[in-house]
Amino acid sequence: MSTTELTSPTDTTPLGGPSLPQERRMLTPIPGPRSQELLARKADAVAAGVGHTVPIQAVAAGGGVVVDADGNSLIDLGAGIAVTTLGNAHPKVVAAVQAQVAQFTHTCFMISPYESYVGVAEALNRITPGDHAKKSALFNSGAEAVENAVKIARKFTKKQAVLAFDHGYHGRTNLTMALTAKAMPYKSGFGPFASEIYRSPLSYPYRDGLSGSDAAKRTISLIEKQIGADNLAAIIIEPIQGEGGFIVPAEGFLPALVDWCRANDVVFIADEVQTGFARTGAMFASELFGIVPDLITTAKGIAGGLPLAAVTGRAEIMDASHTGGLGGTYGGNPIACAAALAAIDAFENDGLIERANEIGTILVDRLTALQASDPRIGDVRGRGAMIAAEFVDAATGEPDAALTGAIAKACIAEGVIVLTCGTYGNVIRFLPPLSIPDDLLVEGLDVVAAALAAA
Ligand SMILES: *Cc1c(COP(=O)(O)O)cnc(C)c1O
């Protein structure tokens, strides 16, 4: 830790983006006085249902840090939930947004089309798995992409049922709440939910010990007995569960489901909203499992922090909807599309897939070393720069949410942003921006290790 004059509390707002000093710097306890002022206003003005994990007033972010209004500089191991994969205020994104915002901000693509939307669709069709003919449609959020993928699959198959999985997370709108597994905080009290949604156990190697093919057989049997292939429009699954705990399915699970879908006229939807765009050390996590989804939903990392989402998939499926059936006022906003083109350029050309794997090696090496001497770390898992540790009671192996929460809280107090997840709330997930310097990542992990030792 060091103190620099650049962003003392009396300074004006520091410059954001890559120019920020890459250091952990604690000038006040968290939250400092300026942050407390904002949080008091938030409590008065913002609906209580909108929570926050880190009690600060963010004023700048870039590289591997988030700076608050009190001049504290926190190490960012969450990337705004896997959104700023490129790093905050990435220069290519900033330049593209500035150029576009001065040109025009909105025409509505459904009224007067523009090139950047088409360019993003072409790019997604090219970089998503599979070399079949593909088409894309753009939306505003991950939930909206998921809703549309389901609409498209139903229209194409003329069937209605949709299968989701235990530990799945697909959003907070009505249909996506129905697809999401966890009641608290996502669903409780918000029903009734959309109908014709079914749920299967997931392959969760750490807890079920099943092979991928046995877990897939269990799912297929559930479909055939409880739903019927003739009624099933789609299976939707995150190749690696995000909110559900970074669960990597056993080998063979996903390919067996894809094969079964192909044989039964069921659309296989990979929800890559969290796993997409280099995060897992591949452009898309589906590639890691050797699968080619029929439809793929993307959002989060797609546009360097601007709100954009997409459904991409087989042209004949994507084209099943009548004209006017898909869209939305803001879907594929020109500023977000300009940002996405810049972001995709960086993902493809700036070595980010390799960088995700380097970060993954640092994370896994450190966490498995900790695990070797601390049985409270039950499992270390993930791919690329999407790595998690699952915390358990050392004696029973039961999930330990209290320990997990205490570690996360201690890390934040020490200036390291970590996020928890998991159905049992006992997982800490590491999703750093790929722009984080190695020494900052290591320092962040030192803080995590100290918090674990003290807990
Ligand atoms: C975050 C997320 C969503 C929802 O995205 P929003 O942009 O928050 O609506 C859907 N699916 C997955 C896998 C996610 O991680």
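As the structure is a computational prediction, the values presented were derived from the model and not from experiment.

Moving on, we come to the layout of surface pockets. In this approach a probe as big as a water molecule rolls over the atoms, and the regions it shows empty are the leftover space. The calculated volume of the second largest pocket comes to roughly 470 Å³. Taken together, 22 residues form the lining of the second largest pocket, with Tyr117, Ser136, Ala137, Gly324 and Leu326 sitting closest to its centre. Listing elements by their share of the lining of the second largest pocket, those giving two or more residues are helix 4 (115–127) and strand 4 (134–139). Broken down by element, the lining of the second largest pocket gets its largest block of residues, six residues, from strand 4. Here the residues of the lining of the second largest pocket are counted per class, giving nine nonpolar, 10 polar and three charged.

This part covers the sheet that holds strand 9 (residues 295–298). Spatially, seven strands are ordered 4-10-9-8-7-5-6 in an open sheet, and the strand pairing comes out mixed. One side of each edge strand has no neighbouring strand; the edge strands of this open sheet are strand 4 and strand 6 (197–200). Each adjacent strand pair in this sheet contributes to an overall mean axis angle of 20 degrees, direction not counted. One ladder, built from four bridges, connects strand 7 (residues 232–237) with strand 8 (residues 267–271); its direction is parallel.

Another aspect to go through is the pairing of strand 8. Strand 8 sits mainly inside the fold: five of its five residues count as buried. Of the two faces of strand 8, the one lined by Val267, Ile269 and Asp271 and the one lined by Phe268 and Ala270 are each fully buried. Note on the crossover from strand 7 through helix 9 (residues 253–263) to strand 8: the handedness is right-handed. Note: strand 8 against strand 9, three bridges, orientation parallel. When the bridges of strand 9 are listed, Ile269 appears paired with Leu295.

For Thr176, the position within the fold is in helix 6 (residues 174–179). Separated by 3.2 Å, the side chain of Thr176 and the backbone nitrogen of Arg172 make a polar contact. A polar atom in the side chain of Thr176 sits 2.7 Å from the side chain of Thr173. Filtering out sequence-adjacent residues up to four positions away, Thr176 remains in contact with Ala143, Val146, Glu147, His170 and Gly171.

Taken as a whole, this structure holds seven aromatic pairs when the rule is applied. Measuring from ring centre to ring centre gives 5.1 Å for Phe277 and Phe284, while their planes differ by 65 degrees; the resulting arrangement is edge-to-face. Note on Phe277: relative accessible area 1%, which makes it buried. One aromatic cluster in this structure is built from Phe104, Phe109, Tyr114 and Tyr117. In this structure, Lys187 packs its charged tip against the face of Phe193, placed 5.2 Å from the ring centre.

Across the sheet, which stays open at both edges, the four strands sit in the order 1-2-3-13 with mixed pairing between neighbours. The open sheet is flanked by strand 1 (58–62) and strand 13 (416–417), the only strands paired with a single partner. Examined bridge by bridge, strand 3 (residues 73–76) and strand 13 share two bridges and lie parallel to one another. Residue pairing for strand 13: Ile75 is matched across the bridge by Val416.

Tallied over the full model, the rule gives 19 salt bridges. Measuring nitrogen to oxygen at the nearest pair gives 2.7 Å for the salt bridge that ties Arg126 to Glu348. Separated by 222 residues along the polypeptide, Arg126 in helix 4 and Glu348 in helix 12 (residues 334–349) bring together distant segments of the chain. Classification of Arg126 as exposed rests on a relative accessible area of 52%. Asp214 is the partner of Lys217 in a salt bridge, and the nearest nitrogen-oxygen pair spans 3.8 Å. In this pair, Lys217 and Asp214 both sit in helix 8 (residues 212–227), three residues apart, roughly one turn of the helix.

Neighbouring the ligand are Ser141, Gly142, Ala143, Tyr169, His170, Gly171, Glu238, Asp271, Val273, Gln274 and Lys300. The backbone of Tyr169 places a nitrogen or oxygen atom 3.4 Å from a nitrogen atom of the ligand. Between the ligand and Gln274 there is a distance of 2.9 Å, counted from an oxygen atom to a side-chain nitrogen or oxygen. Out of a free accessible area of 380 Å², the ligand has 82% covered by protein chains. Counted by class, the shell around the ligand contains three nonpolar, five polar and three charged residues.

What follows concerns unusual backbone geometry. With the exception of glycine, the majority of residues adopt a negative phi angle, and the majority of peptide bonds are in the trans configuration. In this structure, the amide linkage connecting Ile30 to the following residue, Pro31, adopts the cis form with an omega of 0 degrees. Along the chain, Pro31 turns up in the segment before helix 1 (33–45). Going from Gly191 to Pro192, the amide bond is cis rather than trans, its omega being 5 degrees. Assignment of secondary structure puts Pro192 in the loop between helix 6 and strand 6. A positive phi is found at Ile81, a non-glycine position, where the angle reads about 60 degrees. As for its placement among the helices and strands, Ile81 is situated in helix 2 (residues 79–82). For Phe246, which is not glycine, the phi dihedral falls at a positive 55 degrees. Within the fold, Phe246 resides in the loop between strand 7 and helix 9. According to the relative accessible area criterion, Phe246 is buried, its value standing at 0%.

Rules of the game
- Residues numbered from 1 in each chain as written.
- Predicted model: local features only at pLDDT ≥ 70, side-chain atom pairs only at ≥ 80, totals over all residues.
- Heavy atoms only, no water.
- 1 Å grid on protein atoms, 1.4 Å probe; cavity = no way out; pocket = protein on both sides within 12 Å on 5 of 7 lines; lining within 4 Å.
- Points joined across faces, edges and corners; volume = space filled by probe spheres on them.
- Helix = DSSP H or I, 4+ residues; strand = E, 2+ residues; numbered from the N terminus.
- Nonpolar A, V, L, I, M, F, W, Y, C, P; charged D, E, K, R; others polar.
- Pairing = 2+ DSSP bridges.
- Axes fitted to C-alpha atoms, helices over the stretch in contact; angles between N-to-C directions.
- Buried < 20%, exposed > 50% of the residue type's maximum accessible area, 1.4 Å probe, protein only.
- Right-handed = clockwise from strand over helix to strand, strands pointing away.
- Polar contact = N/O pair within 3.5 Å; in protein donor to acceptor, adjacent residues only side chain to side chain.
- Contact = heavy atoms within 4.5 Å.
- Phe/Tyr/Trp six-rings, centres within 6.5 Å; stacked < 30°, edge-to-face > 60°.
- Lys NZ or Arg CZ within 6 Å of the ring centre and 35° of its normal.
- Salt bridge = Lys/Arg side-chain N within 4 Å of Asp/Glu carboxyl O.
- Near = heavy atom within 4 Å.
- Areas by Shrake-Rupley, 256 points an atom, 1.4 Å probe, with all protein chains shown as cover.

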